[in-house]
Amino acid sequence: MYLPTLKQLKYLVELERHGHFGHAAEACNVTQSTLSAGLQELESLLNCKLVERTKRRVLFTELGNEIAKRATSLLREAEEIATLARHGDKLLSGDLKLGAIPTIAPYLLPQTLPILREDYPELRLYLVEDETARLVKRIREGTLDAALMAFPYDEPGLEWTELAEDPFLLAHPSDHPITKMTSSDINHLLETEPFQKELILLEEGHCLRDHALEACHAYNLKPGQTLQASSLLTLVHMVANGLGITLLPSLACQTSLLEGTNIRLSPLKGQDSHRKLGLAWRNSSVRKEELKLLAEILSDRAKEQIDNFQSRMGSTITDH
């Protein structure tokens, strides 16, 4: 029996991923004619039709979709075999593809990367910033080794370790009535409908939005009932202009995010008043040990930054 080659399966997977012969060929570093010929050879070998070719779009047959799905897993395992052989027992060396969500990446990685460069000079770290769902998809496909995410996030097939608890802070203009409230009063206010409608949240797709809603127990709020922003920086500018209030993670507040604004931060209390930072990877990853080591380094830095911020703010973040 003749078996498909990894190259042929790679062509199929990239075509399924991009939905375009030219883009798939570019991803495989071959010409479009080479990719097309490779796919025809694969169909001849398997004696079945995998792709319907039209002038306007690429249509996969039902069997083609199933084979592409299985080929993705097979290619990922092959890459991990090569990775295992290449690195052996040497931790944090060679290429490592790390994803991170936008509400963590700019606030933790700039302080961590110099440490990694100094202690692990043979490590070549490739960074990808994206929303949680897309990072998880890339971990599953094998195009990412791990991702910095915020939890809880229920996703079977992933293993993750907690790095730190990142407390939420209520951000509001300095002249807002909340300024004179105690933390207990604020927590009670969080669950009232008028207050919740004053919230400004990140757009759908950002896990911080879901965590903020959970902290406020605002489970029934619809997207159209609150103002939305595309980034933490936009959130801050909207609050500074008196358009509402928001929840910010402490990790982000320890940077220059609030510099030059009239924003005041108030602490929250309760078991839902924080998010958990974590590093996630595939259950089947052959790099578990070095990812656990990376998690330790990230954890130490995250905890240090959050603790230092809480101490530094001192009189600013207090129970009024």
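Scroll up to find the structure this text is about.
Keep in mind the model is a prediction, meaning the values are calculated, not measured.

Q: Looking at this model, I keep getting lost on the pattern of salt bridges. Mind explaining?
A: Should the charged atoms of two oppositely charged side chains come close, the side chains can pair. Scanning all chains against the criterion turns up 17 salt bridges. With a closest N to O distance of 3.0 Å, glutamate 155 and arginine 140 form a salt bridge. Of this pair, glutamate 155 sits in the loop between β5 (146-151) and β6 (158-173) while arginine 140 sits in helix α6 (residues 132-141); the two residues are 15 residues apart in sequence, bridging distant segments of the chain. Under the relative-accessibility criterion, glutamate 155 is labelled partly exposed at 23%. On the accessibility criterion, arginine 140 (33% relative accessible area) is partly exposed.

Q: What's the story with the packing of helix α1 (residues 6-18) against helix α3 (residues 32-46) in this structure? I'm lost.
A: The description of two helices packed together rests on the angle between their axes and the distance between the axes. Put simply, α1 and α3 touch, their axes get as near as 9 Å, and they point 110 degrees apart. Judged by the inter-axis angle, α1 sits roughly perpendicular to α3. You can see that α1 and α3 cross each other, and the crossing is left-handed. Along its contact with α1, which presents Gln8, Leu9, Tyr11, Leu12 and Leu15, the element α3 presents Thr34, Leu35, Gly38, Leu39, Glu41, Leu42 and Leu45. Taken together, the residues of the contact of α1 with α3 sort by class into 8 nonpolar, 3 polar and 1 charged.

Q: When you look at empty space enclosed by the protein in this model, what are you seeing that I'm missing?
A: To find the voids left in a structure, one rolls a probe of water-molecule size over its atoms. A complete count under the given rule lists 2 cavities of 30 Å³ or more for this structure. Counted as a void, the largest cavity has a volume near 50 Å³. Along its surface, the largest cavity is lined by Ile101, Pro102, Thr103, Asp130, Glu131, Thr132, Gly205, His206, Cys207 and Leu208. The residue inventory of the lining of the largest cavity, partitioned by class, reads 4 nonpolar, 4 polar and 2 charged. Looking at the second largest cavity, its volume works out to about 40 Å³.

Definitions and cut-offs
Residues numbered from 1 in each chain as written. Predicted model: local features only at pLDDT ≥ 70, side-chain atom pairs only at ≥ 80, totals over all residues. Heavy atoms only, no water. Salt bridge = Lys/Arg side-chain N within 4 Å of Asp/Glu carboxyl O. Helix = DSSP H or I, 4+ residues; strand = E, 2+ residues; numbered from the N terminus. Buried < 20%, exposed > 50% of the residue type's maximum accessible area, 1.4 Å probe, protein only. Axes fitted to C-alpha atoms, helices over the stretch in contact; angles between N-to-C directions. Parallel < 35°, antiparallel > 145°, perpendicular 65-115°, else oblique. Left-handed = near helix turned anticlockwise from the far one by under 90°. Contact = heavy atoms within 4.5 Å. Nonpolar A, V, L, I, M, F, W, Y, C, P; charged D, E, K, R; others polar. 1 Å grid on protein atoms, 1.4 Å probe; cavity = no way out; pocket = protein on both sides within 12 Å on 5 of 7 lines; lining within 4 Å. Points joined across faces, edges and corners; volume = space filled by probe spheres on them.

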